[in-house]
Structures are given as C-alpha cells and as structure tokens.
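Chain by chain, the residues:
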Amino acid sequence: MRKNKNKRQPAKRKAASQTQNSKRPCSDSPKRTENPQLTPFEIFFKEIEKFSKLHMKDRDRVQEILQSMQKAGSKTLQVISDFDMTLTRFEYNGKRCPTCHNILERSDAISSDCKKKLQELLDKYYPIEIDSTLSVEEKLPLMVEWWTKAHELLVNQKIKKAGLAKAVKDSEAKLRDGYQYFFDHLNEHSIPLLIFSAGIGDILEEVIRQTEVFHPNVKVISNYMDFDESGVLKAFKGELIHIYNKKEGALLNTGHFQELRTRTNVLLLGDSLGDLNMADGVQDMENILKIGFLNDKVSKKHARSYAH
Ligand code: TMP
Ligand code: MG
C-alpha cells in the first residue's frame, strides 16, 4: 500500500499532526480561546465554513447537537463509521482509490481471468449502486447479486491468508486526510470507534494495521474470510454484509451496543444511504450527528439524507 506521505517517519509525523491540528477544538469544556468574542463553536464553524463543499441543511441544529454532545463529555460518545470511500479516499491525484474488494482484485492473488470477471461485475453493478433514480428496494436484490457473485469468484481463487498483507502493501489504498488525528485522538480519549463495512474485514484490518492506527478502541464489523487449516480461503464467515443490510448487521451485534449503552451520543460517518442505518443498534440514543462523504454522481436527495 502506498502509505500517506506523513506515515514514513513516525517521530516527525506525530509532531506534524500536532502542529496541523493545534487549532482544532478538542477540549471537553467550552472555553473562550484566541478571540475573546468567539466561543470555540463559533471558531469551529468559521473554520469549517472555509471549505465551500461542506453542506449543512440546518447549521443551528448541528450546533445544538455538538453543544449537547460536548456538554455530555467524551465518555458518552461513540463513533460509527463506514470504511470504503469514507475512511479511505475516493481519489488521489485524479485516480480512483481502491475499495477492500479492489485491493484483492488488483493483487497477484487473483488470476487474470478472475480479474476480468470481477471488473465486469463492477462495470455492471457499480452504476446501479450510485444510481439515484432507483430506490433502495430496487437496488437491494442487485447488490446481493453483486456481493454473492464477487465472493464466489474470490473463493474459487484459493486465496492464501499469508498473501493478504502483501496485497495491501502493494495497493494504492489511502486513508483520508486527517486520519492520523482522527484515529489517535479517539484512542487517546478511549472513545470507541466501530468500523462497519460491507468490504472485506481481513483487508480492512490490514489497511489500518499497516497505517498503524488499529488501536484498541477500534472494533470492526465486516465480511470476514474463512480459511481452511492450510490457510486457503474456503468461504466467507457469517451473514453477508452488503451496503443495504447494515441495519440487520447492526441488530445482529446487539452485544456490542449493549456494552456501550452509556454512550448515548453518536457520530456517524458514511458515504452511502445504507450507512445511515449503521447506528440502528445503539441503545438510548440522545444525539446523532451524521456526516456524509459525497463522492460520486451525488443526488440532492442523497445529500439531504445526511444533512441536518
Ligand atoms: P463499505 O461498506 O466499506 O463502503 O464497502 C462497500 C463497497 O465495496 C461498496 O461501495 C462497493 C464496493 N465493492 C467493490 O468495490 N467491489 C465488489 O466486488 C463489491 C462486492 C463491492
Ligand atoms: Mg462506503
């Protein structure tokens, strides 16, 4: 995997990330800072409004949620995030970055014939995934078809567990800008981060392991590979997770949400409409702030579903 630039020198990286982020509001208590006229929230909103591509349907509501979350403190917060194209970059230098599936597809663990077939599936189903004229009900059976066919092809490739680290290392996968601060800061404050992905858990874990952000506060719910005793892929474990059944996936993991029942404030990050259901298992929810990364051919409807 071509690591993000600042990953190559750990000591310098830390210093750089601290400098870059020194202005970000990270304290639990609201204090007036540099400008005595502005509260940290006002400074925060001024900062984020510099990014013209940020849409908030109801700025006051967002501020209300953030204020309420801040008042409750970091002990009441949990973060739930999608992986592909949410924690990872959609493009870099004008080139699309790979999803977990793409990392495998492009690796030498897969034959050229299988690569061709997986590409054909992508060409057929990806336009359906992002087609805003189709309803979730219309897309759902087609997404199941895509995932099922792709996983069947992968299982037939007799992929070796031992080759996964190399596939990730050789890939162009990239976490989003600011990932270091995001992962480290959540860990420093013991805030649980649930990564909920319809990608491939083994690949996802390898990406965050190789970027050194697989901290103890991170839990992953995803499609995990099942290897035989000689380390060869024989199936995928458990219920299939695709982009439109994250609600069911969340409800299957009630144990996780039960453990976190005192964390009633949720920050949810996603890039697909299906990601909006990732927090459906959260108990006694008080506040949820949903942030959507709008990557490709985005409809107004899609944007509205995330904005407050
Ligand atoms: P996510 O839930 O972490 O976003 O992962 C799902 C993404 O995986 C979804 O956007 C489509 C992508 N995908 C591929 O790139 N290739 C495939 O073969 C399949 C089944 C999914
Ligand atoms: Mg995604």
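Owing to the predicted nature of the structure, the values given are computational and were not obtained by experimental measurement.

Reading guide: rules and limits
Residues numbered from 1 in each chain as written. Chains lettered and ligands numbered in written order. Predicted model: local features only at pLDDT ≥ 70, side-chain atom pairs only at ≥ 80, totals over all residues. Heavy atoms only, no water. Helix = DSSP H or I, 4+ residues; strand = E, 2+ residues; numbered from the N terminus. Expected span 1.5 Å × (residues − 1). Bend = angle between axes of the 7 residues up to and from the residue. Buried < 20%, exposed > 50% of the residue type's maximum accessible area, 1.4 Å probe, protein only. Right-handed = clockwise from strand over helix to strand, strands pointing away. Contact = heavy atoms within 4.5 Å. Phe/Tyr/Trp six-rings, centres within 6.5 Å; stacked < 30°, edge-to-face > 60°. Donors = N, O, S within 2.8 Å, 3.2 Å for Na, K, Ca; no water. Core = buried A, V, L, I, M, F, W, Y, C linked by side-chain atoms within 4.5 Å. Near = heavy atom within 4 Å. Polar contact = N/O pair within 3.5 Å; in protein donor to acceptor, adjacent residues only side chain to side chain. Areas by Shrake-Rupley, 256 points an atom, 1.4 Å probe, with all protein chains shown as cover. Nonpolar A, V, L, I, M, F, W, Y, C, P; charged D, E, K, R; others polar. pLDDT = per-residue confidence, 0-100. Pairing = 2+ DSSP bridges. Axes fitted to C-alpha atoms, helices over the stretch in contact; angles between N-to-C directions.

Participant: Is there a simple way to think about helix α5 (residues 112-129) in this case?
Facilitator: At 3.6 residues per turn, the α-helix brings residues three or four places apart onto the same side. Compared with the 26 Å implied by 1.5 Å per residue over 18 residues, the 25 Å span of α5 between its first and last C-alpha is a close match. Along its length, α5 reaches its greatest deviation from straightness, about 30°, at Asp-123, and the proline Pro-127 lies no more than four positions downstream. What α5 keeps buried is the set Cys-114, Leu-118, Leu-121, Tyr-125, Tyr-126, Ile-128 and Glu-129.

Participant: Help me out: how do you make sense of the pairing of strand β5 (residues 218-223) in this one?
Facilitator: Remark: a regular strand shows side chains that alternate across the two faces of the sheet. Burial analysis of β5 places five of its six residues in the buried class, the great majority of the element. You can see the chain leave strand β4 (residues 193-200), run along helix α9 (residues 201-210) and come back into β5, and the turn it takes is right-handed.

Participant: It is not clear to me how helix α6 (residues 136-155) should be interpreted in this structure. Could you clarify?
Facilitator: Compared with an ideal rise of 1.5 Å per residue, which puts 20 residues at 28 Å, α6 spans 28 Å between its outermost C-alpha atoms and is within 8% of the ideal. Buried residues along α6 sit in contact with α4 (100-105), α5, β4, β5 and β7 (233-236).

Participant: It is not clear to me how unusual backbone geometry should be interpreted in this structure. Could you clarify?
Facilitator: Peptide bonds are, in most cases, trans, and in most cases residues other than glycine have a negative phi. Positive phi is not limited to glycine here, since Met-85 has a value of about 70°. Mapping Met-85 onto the fold places it in the loop between β1 (77-81) and β2 (91-92). For Met-85, a relative accessible area of 5% corresponds to the buried category. A positive phi angle, close to 50°, is found at Asn-93, a residue other than glycine. Its place among the elements puts Asn-93 in the loop between β2 and β3 (95-96).

Participant: When you look at the packing of aromatic side chains in this model, what are you seeing that I'm missing?
Facilitator: Two measures describe an aromatic ring pair: the distance that separates the ring centres and the angle between the ring planes. Considering all chains together, one arrives at three aromatic pairs under this definition. Taking 6.1 Å as the distance between ring centres and 10° as the angle between the ring planes, the aromatic pair formed by Tyr-125 and Trp-146 counts as stacked. Taken as a pair, Tyr-125 in helix α5 and Trp-146 in helix α6 lie far apart in primary sequence, 21 residues in all. Taking relative accessible area as the criterion, Tyr-125 reaches 0% and is therefore assigned buried. Overall, Trp-146 belongs to the buried group, its relative accessible area being 11%.

Participant: I'm lost on the environment of Val-213 in this one. Help?
Facilitator: Assignment of secondary structure puts Val-213 in the loop between α9 and β5. With 31 residues separating them in the primary sequence, Val-213 and Phe-182 have C-alpha atoms 9.4 Å apart. Filtering out sequence-adjacent residues up to four positions away, Val-213 remains in contact with Leu-175, Tyr-179, Gln-180, Phe-183, Asp-184, Ile-208 and Val-218.

Participant: Mind showing me how you'd approach the coordination of the magnesium ion (ligand 2) here?
Facilitator: Metal coordination angles in their ideal form are 109.5 degrees for the four-donor tetrahedron and 90 or 180 degrees for the six-donor octahedron. Protein ligation of the magnesium ion (ligand 2) involves Asp-82 (OD), Asp-84 (O) and Asp-271 (OD), the donor distances falling in the range 2.1 to 2.2 Å. Linear spacing of the donor residues for the magnesium ion (ligand 2) on their chain is D-x1-D-x186-D. With Asp-84 in the loop between β1 and β2 and Asp-271 in the loop between β8 (265-270) and β9 (287-292), this residue pair connects regions lying 187 residues apart in the sequence. Under the relative-accessibility criterion, Asp-84 is labelled buried at 12%. Among the residues examined, Asp-271 registers a relative accessible area of 16% and is labelled buried.

Participant: What is the right way to look at the nonpolar core in this model?
Facilitator: Soluble globular proteins tend to pack their nonpolar side chains together in the buried interior. The biggest cluster of nonpolar side chains holds 75 residues, and the ones touching the most others in it are Phe-83, Leu-154, Phe-183, Ile-195 and Ile-203. Considering every element that reaches this core, the biggest residue donor is α6, with seven residues. Discounting residues that sit within four places of it in the chain, Leu-154 has contacts with His-101, Leu-104, Ile-110, Leu-118, Ile-159, Ile-200, Leu-233 and Phe-236.

Participant: I would appreciate a short explanation of the site of ligand 1 in the present structure.
Facilitator: Contacts to ligand 1 come from 16 residues, most closely from Asp-82, Asp-84, Thr-99, Ser-197 and Ala-198. Contacts to ligand 1 include Asn-102, whose side-chain N or O atom sits 3.4 Å from an oxygen atom. Contact with the protein chains covers 97% of the free accessible surface of ligand 1, which is 490 Å². Its residues placed into classes, the shell around ligand 1 shows six nonpolar, five polar and five charged.

Participant: Looking at this structure, how should I read the environment of Leu-54?
Facilitator: Within the secondary structure layout, Leu-54 lies in the loop between α2 (40-48) and α3 (59-72). Between the C-alpha atoms of Leu-54 and Phe-293, which are 239 residues apart in sequence, the distance is 9.5 Å.

Participant: Can you walk me through the confidence of the model for the protein chain in this structure?
Facilitator: Residues shown with low pLDDT carry predicted positions that ought not to be read at fine detail. Mean pLDDT over the protein chain works out to 86, with 84% of the residues at or above the 70 mark. In the predicted structure, residues 5-32 sits below a pLDDT of 50 and forms 31 contacts with residues beyond four places in sequence or in another chain.

Participant: Explain the sheet that holds β1 to me, please; I cannot follow it from the model alone.
Facilitator: Within a beta sheet, neighbouring strands are joined by backbone hydrogen bonds and run either parallel or antiparallel to one another. Spatially, β5-β4-β1-β8-β9 is the arrangement adopted by the five strands of the open sheet, whose pairing is parallel. Two strands in the sheet have a free side with no partner beyond their single neighbour: β5 and β9. For this sheet, the mean angle separating the axes of adjacent strands, direction not counted, is 15°. Relative to the sheet, α3 contacts β1, β8 and β9, its axis offset from that of β9 by approximately 125°.

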